[in-house]
Amino acid sequence: MHFSPEIEERLARLQEKYEAMGQDMVSYLDGLLHADFLTYWDYIHLDTLLSLQNPKTPFPDEEIFIIYHQVTELYFKLVLHECKQITTAQPLTAEFFTTRLKRINQYFEALTQSFGIMVEGMEKDQFLKFRMSLLPASGFQSGQYRMIEIYATDFINLVVSDKREELKKTTIDDQFEYLYWKFGATELSTGKKTLTLKQFEKKYAKTFIDLGKANISQNFNAIYRQFNALSQSTTELENELKQLDINVNVNWPLVHYKSAVRYLNRDPEDIKATGGTNWQKYLPPRFQKRIFYPSLWSEKEVEDWGKGWVEKIVHGS
């Protein structure tokens, strides 16, 4: 049998590869000879993926709810994939940082634009019924989302706004007790932690604290300061960081707010009376003033944080 020069060249390279590892190339070729051809459905484990939707109620729209949240978590995994590339790149360049930030922004923009599936895609009556069967589980308990926040900025910027100055020079362990999202899962009537929050902290508290400590000098804000101090920052890099701030801290909370208004809107006094949480104060960016990169924004922009996007996202104008 005659082999083309291209096949002979590749066989020679394979021989070199396996000899360098002390392996027998013929054995590997035997494996290739007997192996079946790869299929799309096997490669992405399609049957397994499609079997992971297990509604708890008979309401058809619950499956929409499950699938969308699974899709969201897969996008979060993509974001974390980029976060890890940024924080482990050696050496890290402004160009590499910018390119990965663009990917992260694209992921969040795809999520935000698709959130209409949640806002308009389910019947309200069905949602209000099956949602009660899912308590105390909540999208609030997305550990991946909290990890993204920790990668994105200094830990102190995730502390509730009225405690940031006081806790600025404290440890991450101390700051963890005052992270903004904890106050979104505290009972208004008693001030106690909800079961949702207790479950969440039990599973993830150590992970979040350890990640915060590991990223003190390599979260995105710290990296930006290092580039800026060396005059290696670029306008493009700063624009991508600002866009990430908008995507994560304005647009993403506001589409959730719009969904909550549609499905959960009740008077705050009613919520307080039932021991619930006041998401009306927790979700809107103008209350939280959560900003990853405060040095990139003017005082006026910080003061008006979120206002410029409210009409577009919440009211659709």
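Reading the values: the criteria
- Residues numbered from 1 in each chain as written.
- Predicted model: local features only at pLDDT ≥ 70, side-chain atom pairs only at ≥ 80, totals over all residues.
- Heavy atoms only, no water.
- Helix = DSSP H or I, 4+ residues; strand = E, 2+ residues; numbered from the N terminus.
- Contact = heavy atoms within 4.5 Å.
- Areas by Shrake-Rupley, 256 points an atom, 1.4 Å probe, with all protein chains shown as cover.
- Core = buried A, V, L, I, M, F, W, Y, C linked by side-chain atoms within 4.5 Å.
- Buried < 20%, exposed > 50% of the residue type's maximum accessible area, 1.4 Å probe, protein only.
- Expected span 1.5 Å × (residues − 1).
- Phe/Tyr/Trp six-rings, centres within 6.5 Å; stacked < 30°, edge-to-face > 60°.
- Lys NZ or Arg CZ within 6 Å of the ring centre and 35° of its normal.
- pLDDT = per-residue confidence, 0-100.
- Salt bridge = Lys/Arg side-chain N within 4 Å of Asp/Glu carboxyl O.
- Axes fitted to C-alpha atoms, helices over the stretch in contact; angles between N-to-C directions.
- Parallel < 35°, antiparallel > 145°, perpendicular 65-115°, else oblique.
- Left-handed = near helix turned anticlockwise from the far one by under 90°.
- Nonpolar A, V, L, I, M, F, W, Y, C, P; charged D, E, K, R; others polar.

1. A short note on the overall build of the protein
Line of reasoning, step 1. Check the secondary structure of the protein and you find 19 helices and zero strands.
Line of reasoning, step 2. Here the contacts in the protein between residues at least 6 apart in sequence split such that 70% fall between residues at least 24 apart.
Line of reasoning, step 3. Within the structure as shown, the protein displays about 18600 Å² of accessible surface, and the carbon and sulfur contribution to it stands at 55%.

2. Section: the nonpolar core
Line of reasoning, step 1. Of all hydrophobic cores here, the largest spans 66 residues; its most connected members are Phe97, Phe108, Trp181, Phe220, Leu241 and Trp252.
Line of reasoning, step 2. When residues in this core are grouped by element, the largest group, nine residues, is from helix α14 (residues 235–264).

3. Notes on unusual backbone geometry
With the exception of glycine, most residues fall at negative phi, and the peptide bonds are largely trans.
Line of reasoning, step 1. For the peptide bond that leads from Gln90 to Pro91, omega is -5°, which places it in the cis range.
Line of reasoning, step 2. Secondary-structure assignment places Pro91 in the loop between α5 (62–88) and α6 (94–114).
Line of reasoning, step 3. Here the amide bond leading from Leu135 into Pro136 is cis, since omega sits at 0°, within 30 degrees of zero.
Line of reasoning, step 4. Tracing the sequence through the fold places Pro136 in the loop between α8 (124–131) and α9 (143–152).
Line of reasoning, step 5. For His45, which is not glycine, the phi dihedral falls at a positive 55°.
Line of reasoning, step 6. Turning to its location among the elements, His45 is positioned in the loop between α3 (40–43) and α4 (46–50).
Line of reasoning, step 7. For Ser231, which is not glycine, the phi torsion reads 60° and is therefore positive.
Line of reasoning, step 8. Checked against the element boundaries, Ser231 lands in the loop between α13 (220–229) and α14.

4. Describing α6
Line of reasoning, step 1. Given a rise of 1.5 Å per residue, 21 residues ought to cover 30 Å, and the 30 Å separating the end C-alpha atoms of α6 matches this to within 8%.
Line of reasoning, step 2. Listed in full, the buried residues belonging to α6 are Ala94, Phe97, Thr98, Arg100, Leu101, Ile104, Asn105, Tyr107, Phe108, Leu111 and Thr112.

5. Some thoughts on the packing of aromatic side chains
Line of reasoning, step 1. Within the structure shown, the criterion is met by 23 aromatic pairs.
Line of reasoning, step 2. Each residue in the set Tyr68, Phe76, Phe108, Phe115, Tyr145 and Trp252 is aromatic and connected to the rest through ring pairs, giving one cluster.
Line of reasoning, step 3. Over the ring of Tyr204 we find Lys203; its NZ or CZ atom is 5.4 Å from the centre of that ring.
Line of reasoning, step 4. If you follow Lys242 out to its NZ or CZ, it ends over the ring of Trp297, 4.6 Å from the centre.

6. Brief notes about the side chain of Thr112
Line of reasoning, step 1. Its location among the elements puts Thr112 in helix α6.
Line of reasoning, step 2. You can call Thr112 buried: its relative accessible area is 14%.
Line of reasoning, step 3. Not counting chain neighbours up to four residues away, the residues in contact with Thr112 comprise Asn251, Trp252 and Val255.

7. Details of the confidence of the model for the protein
Line of reasoning, step 1. On average, residues of the protein score 89 in pLDDT, and 89% of them are at 70 or above.
Line of reasoning, step 2. Here residues 269–276 scores under 50 on pLDDT; set against residues more than four positions off or in separate chains, the count is 15 contacts.

8. Here we look at the pattern of salt bridges
Line of reasoning, step 1. Applying the stated criterion across every chain yields a total of 16 salt bridges.
Line of reasoning, step 2. Between Arg146 and Glu149 there is a salt bridge; the shortest N-O distance is 3.5 Å. You can see Arg146 and its partner Glu149 sitting in helix α9, three residues apart, about one turn around the helix. A single burial state applies to Arg146 and to Glu149, both of which are buried.
Line of reasoning, step 3. In this structure Glu149 comes out as buried when scored by relative accessible area, which is 1%.
Line of reasoning, step 4. One salt-bridge network, held together by shared partners, links Glu177, Lys182, Lys193 and Glu201.

9. Regarding the environment of Glu177
Line of reasoning, step 1. Of note, Glu177 is situated in the loop between α11 (172–176) and α12 (195–214).
Line of reasoning, step 2. Spatially, the C-alpha atoms of Glu177 and Ala205 are 9.9 Å apart, while their sequence positions differ by 28 residues.

10. Overview of the environment of Arg100
Line of reasoning, step 1. Position of Arg100 among the secondary structure elements: in helix α6.
Line of reasoning, step 2. In this structure the C-alpha to C-alpha distance between Arg100 and Val79, which are 21 residues apart in sequence, comes to 9.1 Å.
Line of reasoning, step 3. Those residues in contact with Arg100 that lie beyond four places of it in its chain are Glu82, Gln85 and Ile86.

11. Points about the packing of α5 against α9
Line of reasoning, step 1. Direction vectors running N to C along α5 and α9 enclose 30°, while the axes themselves pass 9 Å from each other. As far as their axial angle goes, α9 and α5 are roughly parallel. In the crossing of α5 with α9, the sense of the turn from one axis to the other is left-handed. Of the residues in α9, those touching α5 at Glu73, Phe76, Lys77, Val79, Leu80, Cys83, Lys84 and Thr87 are Gln144, Tyr145, Met147, Ile148 and Tyr151.
Line of reasoning, step 2. Of the residues that constitute the contact of α5 with α9, the class distribution is eight nonpolar, two polar and three charged.

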